[in-house]
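Per-entry structural report
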Amino acid sequence: RAGLGGAGMAAAAAALGLGILLLLPPLPAVKRVSGQSRSASATPQPSAGPGPTAPSVPETPGRPAASPTAPGLGVGSSPAPASLPPETPAPPAASPAAAPEARAGPGTVTDVATLCVCDLSVAQCDVNCCCDPDCSATDFSLFTTCSVHIVTGDSQLCNQEAALYSINVAVHPPERIFKLVDQNNPSIFCIHATNYKHALSFISPEMPTSQNFDSLLKQFEGVTFSAESDVLLNTESDAQNSSNANETARYEYGVPLQTADAFLRLPAPLVSSQCSDANPAGFLVNQAVKCSRMINVGNCNTIQALSMLFYTNSSILAVPKSSQMVNITVQTITVQSLSGTRTQLNSSDVLLLPMYLNDQVCINVVLGASYSITYTDAGEVTDAAVSFVLGTINNTMVPIQQSFAITFTQLNTKPVPLSGNPGYGIGLPLRAGFRPPGSGIIQSTNTYGQFTILQSSSNQDCLAVEGVRTPILFGYNMISGCKVRITASTECQLLANIILNVLKGQNFPEYVASFGNSQAQDVLDWVPITHIQSSEQGLCQIPVSFEIEVKWTKYGSLVNPQAKIVNISATVITTILAQTNFGSERTIQVASSVTFVDVSTPAEPGYKVQPTIDAKLPFDFFFPFI
């Protein structure tokens, strides 16, 4: 029922001169009228629901006192009559004890003191989130402002509570100020009371269980469904038991993967680029992050985040709150040297712990960890594996950079990663492969390793960065390079082959997919790579540049155009190496680049041909003039 003021409607009808008889229901007790339940004194009253507890933070009472001149007048209600008829008993006065009960009546559907929209981290204080229950008084002293200053319920209610948050910077250290105040809605069309308790909130759908299946079957077996959920939920205890049963049934999207001690942590940068080990891994949330970590190389063997055990010594619960454990196994181990070269070990059943050597070098440091989680369609984790990249570091590499990733694969499925559907998406890798005679396109299982270019390194040594590649991402122009030191005794042809292998990589593809979702069996959807040789006349030619040019166009509707690759070329530019003596050694610069060129024809407006008039007149139409 909307709390429409009867006096306002009567006045409007009188002003319009309309003979309208208002059939209004009898007015409820005075304590149901907005504002009537307030005491005329300024004494704070208890709130409708429990507020957040912060003993070290001053809680300022914010209950406004009702106006003494109009104690019975509230928003969305008519003025109380001066005197009542003799046959009408006077309404009982609202006692102070009944006032909180009136405020927590049907109009209140949420407890604003427990709501916090900026609480985005699990078991961790969010910066400048003054309503975060995980924050302590020490955390509040570091805040500069409150990201959320006021929290309210439904704005259509005539009377509702509001939680106010602020930071008092005048004191040292700064403190949080929390207030619970009552807000009145000045609109005459506000809602005074709600008969349906779920009308102002979204109801989470109830999952069928063995306990509630019969009641759900009665509700949904007919042609029409019942709108009243109170018939299904007989008691609050039944609803609580049902929610607990649903919680332990399976994982849902975004729910942190639980372990025996807490949850699976995936280090990630939070506030800065530094790694935070408290980032939870959410179910079905694929992540790939990079972060840096300040360490003391001499104490590398005592830092947990640098050891393999930190990422494998916990077991994942198959489903939340269950006793079934899924151990994390080591899938592959790749060792990286100081120069950046990587070698994959033949066996992964070894435990390589960080070790500090005498020459200020630490080996077996975790530089990367990639989790692979297998799950069923019922939301149960069945397998967990991790692949490591263990590197050797020294003091010049601090802070070190670590990369972490987690992917989810459904059981008994072979997912095929796409780079768009159908057109390429910006930032997604180019799909490439080979075509043997009489066969379709053969692709690598590593999507980010199908088409790559040389990756620059800090030492700029071409011979040291051989094999270190970075994927070509659609729409991103890239350039990288390195340097080659040449001595007088260097063999020209051998050096040319080495540099060309560094620029092209070990497995340079032959075809590139024209669309992001091109299938391997559709050979016509793949574009061959055109090789161009640009060289000078001479005996000794050394490759100095490798340029890849990708031409793409906008395909399809103007409303939603799709990116399509129409041509791709790879150009090798060589230079002549003089055979004269330049001393003990010389250095040449080698570069590799990728350029994306939009060759789309600009859209032009088209108009239909102007119609012609094909009229036939009688032969004597202009008689007697002609």
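Residues numbered from 1 in each chain as written. Predicted model: local features only at pLDDT ≥ 70, side-chain atom pairs only at ≥ 80, totals over all residues. Heavy atoms only, no water.

In the nomenclature of an unreviewed UniProt entry, the protein corresponds to Tectonic family member 1 from the organism Chelydra serpentina. One UniProt comment on the protein, placed under Subunit (unreviewed entry), says "Part of the tectonic-like complex (also named B9 complex)." (UniProt positions renumbered as here; feature names shortened; annotations may be inferred.)

1. Some details on the environment of Ala-281
Along the chain, Ala-281 falls in the loop between β5 (275-276) and β6 (287-293). Residue Ala-281 is classed as buried on the basis of its relative accessible area of 1%. Measuring from C-alpha to C-alpha, the distance between Ala-281 and Phe-263 comes to 7.7 Å, with 18 residues separating the pair along the chain. (Helix = DSSP H or I, 4+ residues; strand = E, 2+ residues; numbered from the N terminus. Buried < 20%, exposed > 50% of the residue type's maximum accessible area, 1.4 Å probe, protein only.)

2. Let's talk about the packing of aromatic side chains
Within the structure shown, the criterion is met by 15 aromatic pairs. Measuring from ring centre to ring centre gives 5.4 Å for Phe-474 and Phe-596, while their planes differ by 70°; the resulting arrangement is edge-to-face. One end of the pair, Phe-474, is in the loop between β16 (469-471) and β17 (478-487); the other, Phe-596, is in strand β22 (residues 585-598), and 122 residues separate them in sequence. Here Phe-474 falls in the buried class, since its relative accessible area comes to 1%. The buried category is assigned to Phe-596, whose relative accessible area is 10%. Centre to centre, the rings of Phe-621 and Phe-622 are 5.0 Å apart; their planes meet at 85°, and the pair counts as edge-to-face. On the basis of relative accessible area, Phe-621 is assigned to the partly exposed category, the value being 48%. Positioned over the ring face of Phe-263 is Arg-265, at 4.7 Å from the centre of the ring. Above the plane of the ring of Phe-508 lies Lys-504, whose end atom (NZ or CZ) is 5.6 Å from the centre. (Phe/Tyr/Trp six-rings, centres within 6.5 Å; stacked < 30°, edge-to-face > 60°. Lys NZ or Arg CZ within 6 Å of the ring centre and 35° of its normal.)

3. Focus on the side chain of Ser-545
Position of Ser-545 among the secondary structure elements: in strand β20 (residues 541-555). Once residues within four sequence positions are removed from consideration, Ser-545 is found in contact with Leu-503, Thr-571, Val-572, Ile-573 and Ala-591. (Contact = heavy atoms within 4.5 Å.)

4. Examining the state of the cysteines
The final tally for this structure, using the stated rule, is eight disulfides. The side chain of Cys-116 participates in a disulfide bridge whose partner is Cys-131; the two sulfur atoms lie 2.2 Å from each other. On the sign convention where negative is left-handed, the bridge of Cys-116 and Cys-131, at about 80° about the S-S bond, is right-handed. Of the two residues, Cys-116 sits in the loop between α2 (99-103) and α3 (137-140) while Cys-131 sits in the loop between α2 and α3, which places them 15 residues apart along the sequence. For the pair Cys-116 and Cys-131, one class covers both residues: buried. (Disulfide = S-S within 2.5 Å.)

5. Section: the sheet that holds strand β1 (residues 150-152)
Reading across from one edge, β1-β2-β3 is the order of the three strands in this open sheet, with antiparallel pairing throughout. Looking at the sheet topology across the chains shown, the edges are occupied by β1 and β3 (175-184). Across this sheet, the average inter-strand angle for adjacent strands is 20°, counted without regard to direction. Pairing analysis gives three bridges linking β1 to strand β2 (residues 159-168), with the strands arranged antiparallel. Each bridged residue has a counterpart across the sheet, and for Ile-150 the counterpart in β2 is Leu-164. (Pairing = 2+ DSSP bridges. Axes fitted to C-alpha atoms, helices over the stretch in contact; angles between N-to-C directions.)

6. Some points on the pairing of strand β13 (residues 400-410)
Bridge count for β6 against β13 is seven bridges, and the pairing is antiparallel. Bridge pairing in β13 links Lys-290 to Ser-403. As paired elements, strand β11 (residues 361-375) and β13 share eight bridges and run parallel to each other. Paired with Tyr-375 across the strands is Gln-410, a residue of β13.

7. Topic: the side chain of Thr-334
For Thr-334, the location among the structural elements is in strand β8 (residues 325-336). Owing to a relative accessible area of 16%, Thr-334 belongs among the buried residues under this scheme. Among all residues touching Thr-334, those that are not within four sequence positions of it are Arg-342, Thr-343, Gln-344, Phe-388, Val-389 and Leu-390.

8. Observations concerning the sheet that holds strand β18 (residues 511-513)
Across the sheet, seven strands lie side by side as β14-β18-β19-β21-β20-β22-β17; this open sheet has mixed pairing. For this open sheet the edge positions go to β14 (432-433) and β17, each flanked by a neighbour on one side alone. Against the sheet, helix α7 (residues 492-504) engages β17, β19 (526-534), β20, β21 (562-576) and β22, with an angle of about 25° to β20.

9. Considering a nonpolar patch on the surface
Among the surface-exposed residues, Leu-617, Phe-621, Phe-622, Phe-625 and Ile-626 lie close enough to one another that they form a single nonpolar patch of about 650 Å² accessible area. Within the element layout of this structure, Phe-625 appears in the segment after β22. Overall, Phe-625 belongs to the exposed group, its relative accessible area being 74%. (Patch = residues over 30% accessible without salt bridge, like charges linked within 9 Å, V, L, I, M, F, W, Y side chains within 5 Å. Areas by Shrake-Rupley, 256 points an atom, 1.4 Å probe, with all protein chains shown as cover. Salt bridge = Lys/Arg side-chain N within 4 Å of Asp/Glu carboxyl O.)

10. Some points on the pattern of salt bridges
Scanning the entire structure with this criterion turns up two salt bridges. Between Arg-293 and Asp-277 there is a salt bridge, with its nearest N and O atoms 3.1 Å apart. Within this pair, whereas Arg-293 is found in strand β6, its partner Asp-277 is found in the loop between β5 and β6, the two being separated by 16 residues in sequence. With a relative accessible area of 10%, Arg-293 lands in the buried category.

11. Re the pairing of β3
Looking at chain direction, β2 and β3 are connected through 10 bridges and run antiparallel. Bridged to Ala-162 within β3 is Val-181. Hairpin geometry of β2 and β3 is characterised by an intervening segment of six residues between the two adjacent antiparallel strands.

12. Focus: the nonpolar core
Most often, soluble globular proteins have nonpolar side chains that are buried together. With 43 residues, the main nonpolar core has Leu-430, Phe-451, Ile-472, Val-512, Ile-542 and Ile-548 as its most contacted residues. Those elements that place two or more of their residues in this core are β15 (452-454), β17, α7, β18, β19, β20, β21 and β22. Considering each element in turn, this core owes the most residues, six residues, to α7. Core analysis: the second largest hydrophobic core is formed by 30 residues, Phe-283, Cys-291, Tyr-371 and Ile-373 among them. (Core = buried A, V, L, I, M, F, W, Y, C linked by side-chain atoms within 4.5 Å.)

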